[in-house]
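# A closer look at the structure
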Amino acid sequence: MNSKKWDKVATGVLYFIAGIMILILAFLLIYILVNGLPHVSWHFLTSSAKSFQSGGGIGVQLFNSFYLLFLAMLISVPLSIGAGIYLSEYARKNWLTSLIRSSIDILSSLPSIVVGLFGFLVFSIQAGLGFSILSGALALTVFNLPLLTRNVEESLNTISESQREAGLALGLSKWETVLRVVIPEALPGIVTGMILGAGRVFGEAAALIYTAGQSAPPLDFANWNPFYIASPLNPLRPAETLAVHIWKINSEGIMPDASQVSAGASAVLIIAVLLFNFGARYISARVYRRMTGGQ
Amino acid sequence: MKNYTADDKYIKALDPNKHELAIYTDDLHVSYGSSEAIHGVSLAFERFKITALIGASGSGKSTYLRSLNRMNDNIDGTKVTGKIMYRGLDINGPGINVYEMRKHIGMVFQRPNPFSKSIYDNITFAPKRNGLKDKNKLDELVETTLKQAALWNQVKDDLHQSALALSGGQQQRLCIARAIAMKPDILLLDEPASALDPISTSTVEDTLLALKDDYTIIIVTHNMQQAARISDYTAFFHLGNALEFDETSNVFTNPKIQATEDYVSGRFG
Amino acid sequence: MHDQIKESLLKKSRATRSERRGKLISLFCTAIIILVVVSIFYFVASKGLATFFSNKVNVWDFLSKTVWNPGSTDSHGNPQAGAFPMIIGSFAVTLLSAIIATPFAIATAIFMTEISPTKGYKILQPVTELLVGIPSVVYGFIGLSVVVPFVRHTFGGTGFGILAGTFVLFVMILPTVTSMSVDALRAVPRYYREASLALGATRWQTIYKVVLRSATPGLATAVIFGMSRAFGEALAVQMVIGNAALLPHNLVSPASTLTSVLTMGMGNTVMGSVSNNALWSLALLLLLMSLIFNLIINRIAKKGEL
């Protein structure tokens, strides 16, 4: 066969494989949405789960997911910005810095189940937090920190050195320059990374099954006192999230409509991830426009 | 290119009794890592005059300029020895507040680097950080500095548009306005017109001549005509040494050493 | 003369204080991350090594024996902590899924960058990006409701096992490996392609002999990264693998992986017991494997630089 023919054959094969790839991916999305969306109703989204009967909802789990996400981001965003600034602005080129970078790399590549077990051991047992939102939020922070930090560092690195020099030459400290000049400019990248991180946290389950726990006691949405045991805000109550719920009902299988509930919950998860994705794109485009002053 | 050796006798010494010195260096060495970029330069700069630093690329003139307000601090592995005397103090000495020093020794860079903020915010940003909050005073500051930088008439109606929407020449003048908004003693300019078209260049030059009454200006340039047009003194840099320093007219019409003559007549560079 | 400027040069100012504070804050944040990394290693190692030091399990037995029942002892009085079935399970699903995913991912990446860089890229890029973000439990759920029944009907048995795990992981790592491969291919300078085409090579020859060759380190990194994700994935695999801590006879009999045993077992054992320590040894093994994957990726990156 000559090379022209080979070229045609290879191109055909590539088209074929890319086609299969699109089919697989499309199937995934369509399967989840088609099977899940019919089960999603206002009732499903707001009522609490039932263990042995059908007709339960995911209201508590949904709330837990958002609350955990909020707490985890509350801790990890400032920490990652601080560490990102250190790596991009202060760290000198030496063995210590490369050691720090390697540790962050290693942390980001750890299996999330290992992070979850570490959280179980340290936060739930040794710190006495038990299966609680707080323990879960800390585990999610550990899971989230390295990627957020890397993202902050990379976003800061894209900002031209001349911007820093401009600030320094005006007698501002490095820290002021970073905070008031460099970070505002790097904001689109930072915010995008944060939202994508939030999406990752929202769907995480393995880090949570032994930290935030696998049970969702009913909540009293009329009492928002964080010290009240059934208060939605109580950070010391166990809190099964949506993702953990999907895993739990599928591996225990005592719920009669487990597959319908999972399908609905999966659809909700996917839609949330979609929203995080679009949100990230939208916000970064908007912030970028505002920062550069274009109309 | 011939090898030229540095000799003190071609460096005009300014007598502190006759000339008011704004800043001077004594045997200044600057090195990055293991390679030395400046091999002991001693120059003095008179107050309210424009001094041009000329020389081929790699001659060390920019490095020298950047060490005058310690902008090289931010480059890992930079080492400075010798003295940089400003108001009786060595600015590299212990206990020197580098941020305070940079307020008085401002700098404008080769590429215009306005903040991605509005024109107004570019100018008021640093003064605000230093405690100037009065709206009227800020407005006044914006107006006077933009007028000094010959930019006011072009931008007075849209002070709140982004600085990035300005042309390159306008951006550079905004950077000059931003620098003088700090009311510095000394203004260092690192080839401020090299990225600009001829018309913008001449506007920037006019701006500098107008600023001379209030500021001591030290400018790095590779444009000999520019140096001749605007400066009172000229220092010729070559391979990390200042080879000749004198009043500009002397350097250009009657250079004492062959190297300077070769350079100003365009034989290398 | 009273020189105010001179005085101000010798005094600390707001900027000095802000710089000090800022440096401290950023250093503190970094220190926390380092502390977390160090304590993960410390805690997992101290728990995981207890099996060998306190409970006297032989390391070699742990790695090679096939009976996993750490609560009871064998004829020599040692706990039966043979992790070999899980090790085999983990490596099997990882290698098999990577073997299937690699050609798909690279071919799709070639399609996106070389064959149809505008249209194909525009469609596939957002889709892969989106799929990277799909939570692994969703993959597990689809595995349970689609893959397991499919395997049961086609190959018999329960449908649970290494084959189902492989399928699920294949789909799960596919988007990640694809998008990293795309990055690797896009990093190949355009003039390489132009030079090759100008010499009369066909498009396929250019792709095969020039583009793929110079992107090899990047593509290898993508695959190893995918493997490391597959190896560490817990819930999606646990849902479809069958959870039998036995040496698998074939690809469709229930099996287990390091992660699946950990997921199932940690809640059912008492902290400090032999069974619990043995589970931590599995976690330690996972930790070490993730280190090894990391090391390989670093090696490839270093080689690429030379």
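Residues numbered from 1 in each chain as written. Chains lettered and ligands numbered in written order. Predicted model: local features only at pLDDT ≥ 70, side-chain atom pairs only at ≥ 80, totals over all residues. Heavy atoms only, no water.

### Considerations on the interface of chain B and chain C
Note the following rule: The contact criterion used is simple: two residues touch if any of their non-hydrogen atoms lie within 4.5 Å. Two parts placed together each lose some accessible area under a 1.4 Å probe, and the buried area is that loss summed for both. Salt bridges are defined as contacts in which a side-chain nitrogen from Lys or Arg sits within 4 Å of a carboxyl oxygen from Asp or Glu. Numbering of helices and strands runs from the N terminus; a helix is a DSSP stretch of H or I covering at least four residues, while a strand is a stretch of E covering at least two. Only Asp, Glu, Lys and Arg are considered charged, only Ala, Val, Leu, Ile, Met, Phe, Trp, Tyr, Cys and Pro nonpolar, and every remaining residue, Gly among them, polar.
On the side of chain C, 13 residues touch chain B, which itself brings 13 residues to the contact. Across the interface of chain B and chain C, roughly 1,200 Å² is buried in total on both sides, 58% from carbon and sulfur atoms. In this structure, the salt-bridge partner of B:Arg87 is C:Asp3, at a minimum N-O distance of 3.0 Å. The element contributing the most residues to the side of chain B that touches chain C is helix H2 (residues 98-104) of chain B, with four residues. Considering only residue class, the side of chain B that touches chain C consists of five nonpolar, four polar and four charged.

### Regarding the domain arrangement of chain C
All names here are of chain C. To keep it simple, the criterion reads: Domain start and stop positions are those given by an automatic or database domain assignment. Two N or O atoms count as a polar contact when they lie within 3.5 Å, although within protein this holds only if one can serve as hydrogen donor and the other as acceptor, and sequence-adjacent residues are included solely when both atoms are side-chain atoms.
In terms of domain boundaries, chain C breaks down into domain 1 (16-81) and domain 2 (84-305). The interface is formed by 21 residues belonging to domain 1 together with 22 residues belonging to domain 2. Between domain 1 and domain 2 lies a buried interface of about 1,700 Å² when both sides are counted; carbon and sulfur atoms form 76% of it. Of all residues in domain 1, Val44, Lys47 and Trp68 give up the largest surface area on contact with domain 2, accounting jointly for 34% of the area buried on that side. The tally of links between domain 1 and domain 2 comes to five residue pairs in polar contact (both at pLDDT 80 or more). No other element matches the 10 residues that helix H2 (residues 14-53) contributes to the side of domain 1 that touches domain 2. Counted by class, the side of domain 1 that touches domain 2 contains 13 nonpolar, six polar and two charged residues.

### A few points about the packing of aromatic side chains
Residues and elements named next belong to chain B. Here is the rule: Stacked, tilted and edge-to-face pairs are distinguished by plane angle, under 30 degrees for stacked and over 60 for edge-to-face with tilted covering the rest, among Phe, Tyr and Trp rings (Trp via its six-membered ring) whose centres lie within 6.5 Å. Relative accessibility under 20% of the residue-type maximum defines a buried residue, over 50% an exposed one, and the middle range a partly exposed one, all with a 1.4 Å probe and only protein chains included. Charge-over-ring contacts are defined here by two conditions on Lys NZ or Arg CZ: a distance within 6 Å of the ring centre and an angle within 35 degrees of the ring normal.
In this structure the tally under the stated criterion is 24 aromatic pairs over all chains. For the pair Tyr64 and Phe237, a centre-to-centre distance of 5.2 Å together with 50° between the ring planes defines the contact as tilted. Here Tyr64 is found in helix H1 (residues 61-67), whereas its partner Phe237 is found in strand E10 (residues 233-238), with 173 residues between them in sequence. Residue Tyr64 is classed as buried on the basis of its relative accessible area of 0%. The ring of Phe125 is capped by Lys117, whose NZ or CZ atom sits 4.9 Å from the centre of that ring. Over the aromatic face of Phe115 sits the side chain of Arg178, whose NZ or CZ is 4.5 Å from the ring centroid.

### Looking at the sheet that holds strand E7 (residues 105-108) of chain B
All names here are of chain B. Note the cut-off: Strands were regarded as paired on the criterion that DSSP finds at least two bridges between them. With axes taken as lines fitted to C-alpha atoms, and helix axes fitted only over the stretch in contact, angles between N-to-C directions fall between 0 and 180 degrees.
Taken in spatial order, the six strands of this open sheet run E7-E8-E9-E4-E10-E11, and their pairing is mixed. Of all the strands in the sheet, just E7 and strand E11 (241-247) have a single pairing partner and so form its edges. Strand-to-strand, the axes of this sheet are offset by a mean angle of 20°, without reference to chain direction. Sheet topology places E7 next to strand E8 (residues 186-190); four bridges connect them, and they run parallel. Considered in E8, the bridge of Ile105 is made with Ile186. Across the sheet, helix H7 (residues 198-211) lies against strand E4 (50-55), E8 and strand E9 (216-220), angled at about 150° from E9, the strand it touches most.

### Structural notes on the interface of chain C and chain A
Between chain C and chain A, the residue contacts involve 74 residues of the former and 73 residues of the latter. For the chain C face of the interface with chain A, the top three residues by lost area are C:Ile33, C:Leu130 and C:Phe141, together amounting to 10%. The interface formed by chain C and chain A contains two salt bridges. Viewed at the interface, chain A and chain C are joined by 13 residue pairs in polar contact (both at pLDDT 80 or more).

### Quick look at the pairing of strand E2 (residues 35-41) of chain B
Residues and elements named next belong to chain B. Taken together, the five bridges between strand E1 (residues 21-32) and E2 define a ladder with antiparallel strand orientation. By the bridge assignment for E2, Leu28 is matched with Val41. Here E1 folds back onto E2 in antiparallel fashion, the turn holding two residues, of which Gly33 has a positive phi close to 60°.

### Considering the nonpolar core
All names here are of chain C. Quick reminder of the rule: Take the buried residues of types Ala, Val, Leu, Ile, Met, Phe, Trp, Tyr and Cys, join any two whose side-chain atoms come within 4.5 Å, and each joined set is a nonpolar core.
The biggest cluster of nonpolar side chains holds 183 residues, and the ones touching the most others in it are Ile40, Phe62, Trp68 and Leu282. Looking at this core element by element, the count peaks at 15 residues for helix H4 (residues 84-115). Both domains that furnish three or more residues to this core are identified here as domain 1 (16-81) and domain 2 (84-305). Apart from residues no more than four positions distant in its own chain, Phe62 is found in contact with Phe52, Val57, Trp68, Ala81, Gly82, Ala83, Phe84, Ala278, Ser281, Leu282 and Leu285.

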